[in-house]
Amino acid sequence: MLQLYFSPMACSLASRIALMEAGLDAHYHQVHLLTKKVVHDDSDFHGASPKGAVPVLVLENGERLTESAAVLQYIADLKPETGLAPRFADPDRYRLQEWLSFIGAEIHKAFLFPTFWYKDDGSLAKPRARIAQTLSVPAAHLAGREFLVGHSFTVADAHLTWALLLLRPAGVDIAQWPSLSAYLERMQARPAVREAIATEMALRKTVAANPA
Ligand SMILES: N[C@@H](CCC(=O)N[C@@H](CS)C(=O)NCC(=O)O)C(=O)O
C-alpha cells in the first residue's frame, strides 16, 4: 500500500486530497515538523527523507518520492481515468506543471514558508508586499473558470486549495479576490477535499505543528 508522511495542514494536505480524489488507499504517517519525529513510533523522520520535509510518498515498491509537484503527479498517474492530471504530450499537462511550479515556488516558498517559519524581524516585509501581486495571477485566471487547468479538478487544484487555506492564518484576507474566495468555496464543497481537511484539522488540534 502507498504510504504518505504528512503533517496536519502542511503542504502534504494536497497529496492527501489527491489520494482521496483518486480513491487510493494509503497508510498515513504523521510527522511533527519541529521535532522531526514520526508521531506513531517517535522515530527520526530523516530516516524517511533526508530533506526532513513533507510530503514523502512511499511507493508500492518501497521507493520514496518527495516534492509536492512530483508526488501529486505520481498519484494522478496511478489513476489516469480520474483526470487528475492531463496525459503527457497534452499541452494541458505542461499547464498543470506550470501551476504546480508557481504554487510551490511563488506562493508556498516565497510567502507561506517564511511567514510560518521565520520570526518577523522585518524580513517578512518583502514577501508580504509581493503576495498580492502573486495572488492576482491565479485570481485573474480563475475569473470565469472553474478549475486551474481544463474543465475538471486536477492535482493543481489540490495544491492551490491547500495554499489558499493558509492565507487567513498568514494574515491575508482572501476576500479581496472574489474569484479566489469563490474557487476555494467550490473546492471545499468537494467531498474528498472536505474530508481531507476535516481529518487534518482534527489532527492539528492534537499537535502544535508549523503548517507551511
Ligand atoms: N519543495 C517542497 C517543500 C516541502 C516543504 O517545505 N514542506 C514543509 C511543510 S509545508 C516542511 O515539511 N517543512 C519542514 C522543514 O522544511 O523543515 C515541496 O513542494 O514538497
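The structure presented is a predicted model; accordingly, all values stated were derived computationally and were not measured. (Residues numbered from 1 in each chain as written. Predicted model: local features only at pLDDT ≥ 70, side-chain atom pairs only at ≥ 80, totals over all residues. Heavy atoms only, no water.)

**What about the sheet that holds strand β5 (residues 64-66)?**
Pairing is mixed across the open sheet formed by five strands, whose spatial order is β3-β2-β1-β4-β5. Of all the strands in the sheet, just β3 (37-38) and β5 have a single pairing partner and so form its edges. Across the sheet, helix α1 (residues 12-22) lies against β1 (2-6) and β2 (26-32), angled at about 150° from β1, the strand it touches most. (Pairing = 2+ DSSP bridges. Helix = DSSP H or I, 4+ residues; strand = E, 2+ residues; numbered from the N terminus. Contact = heavy atoms within 4.5 Å. Axes fitted to C-alpha atoms, helices over the stretch in contact; angles between N-to-C directions.)

**As for the packing of aromatic side chains**
Evaluation of the coordinates by the stated rule reveals five aromatic pairs. Judged by centre distance (5.8 Å) and plane angle (35°), the rings of Tyr 5 and Phe 45 are tilted. Taken as a pair, Tyr 5 in strand β1 and Phe 45 in the loop between β3 and β4 (56-58) lie far apart in primary sequence, 40 residues in all. Summarising the aromatic geometry, the rings of Phe 6 and Tyr 28 are spaced 6.1 Å apart at their centres and angled 85° between planes, so their arrangement reads as edge-to-face. With Phe 6 in strand β1 and Tyr 28 in strand β2, this pair connects stretches of sequence that are 22 residues apart. When its relative accessible area of 2% is taken as the criterion, Phe 6 is described as buried. Lying over the aromatic face of Phe 113, Lys 109 brings its terminal NZ or CZ to 3.6 Å of the ring centre. (Phe/Tyr/Trp six-rings, centres within 6.5 Å; stacked < 30°, edge-to-face > 60°. Buried < 20%, exposed > 50% of the residue type's maximum accessible area, 1.4 Å probe, protein only. Lys NZ or Arg CZ within 6 Å of the ring centre and 35° of its normal.)

**Some words on helix α6 (residues 178-188)**
Taken as a whole, α6 has its buried residues at Ser 179, Leu 180, Tyr 183, Leu 184 and Met 187. Projected down its long axis, α6 carries its buried residues within an arc of 130°, all on one side. Projecting away from the buried face of α6 at angles above 90 degrees are the exposed residues Pro 178 and Glu 185. Considering only its buried residues, α6 is in contact with α4 (125-142), α5 (155-165) and α7 (191-204). (Arc of directions from axis to C-beta.)

**Let's talk about the packing of α1 against α7**
At a minimum axis distance of 9 Å, the contact between α1 and α7 shows a crossing angle of 135°. Between α1 and α7, the interaxial angle falls into the category oblique. α7 is crossed by α1, and the crossing has right-handed handedness. Along the contact surface, α1 presents Leu 13, Arg 16, Ile 17, Met 20 and Glu 21, while α7 presents Ala 192, Val 193, Glu 195, Ala 196, Ile 197, Thr 199, Glu 200 and Leu 203. Of the residues assigned to the contact of α1 with α7, the class counts are eight nonpolar, one polar and four charged. (Parallel < 35°, antiparallel > 145°, perpendicular 65-115°, else oblique. Left-handed = near helix turned anticlockwise from the far one by under 90°. Nonpolar A, V, L, I, M, F, W, Y, C, P; charged D, E, K, R; others polar.)

**A closer look at the nonpolar core**
Judged by nonpolar contacts, the single largest core of 58 residues is most densely connected at Leu 112, Leu 135, Leu 148 and Leu 164. Only β1, α1, α2 (68-78), α3 (91-117), α4, α5, α6 and α7 provide two or more residues apiece to this core. Lining this core are residues from two domains, each supplying at least three of them: domain 1 (2-83) and domain 2 (91-192). With sequence-adjacent residues up to four places away left out, Leu 135 is seen in contact with Ile 107, Leu 164, Leu 167, Val 172, Trp 177 and Leu 180. (Core = buried A, V, L, I, M, F, W, Y, C linked by side-chain atoms within 4.5 Å. Domains from an automatic or database assignment.)

**Considerations on the pairing of β1**
β1 sits mainly inside the fold: four of its five residues count as buried. Where β1 meets β2, five bridges bridge the pair, whose relative direction is parallel. Note on β2: the bridge partner recorded for Phe 6 is Gln 30. Since β1 and β2 lie parallel, the crossover through α1 that links them has a hand, and here it is right-handed. (Right-handed = clockwise from strand over helix to strand, strands pointing away.)

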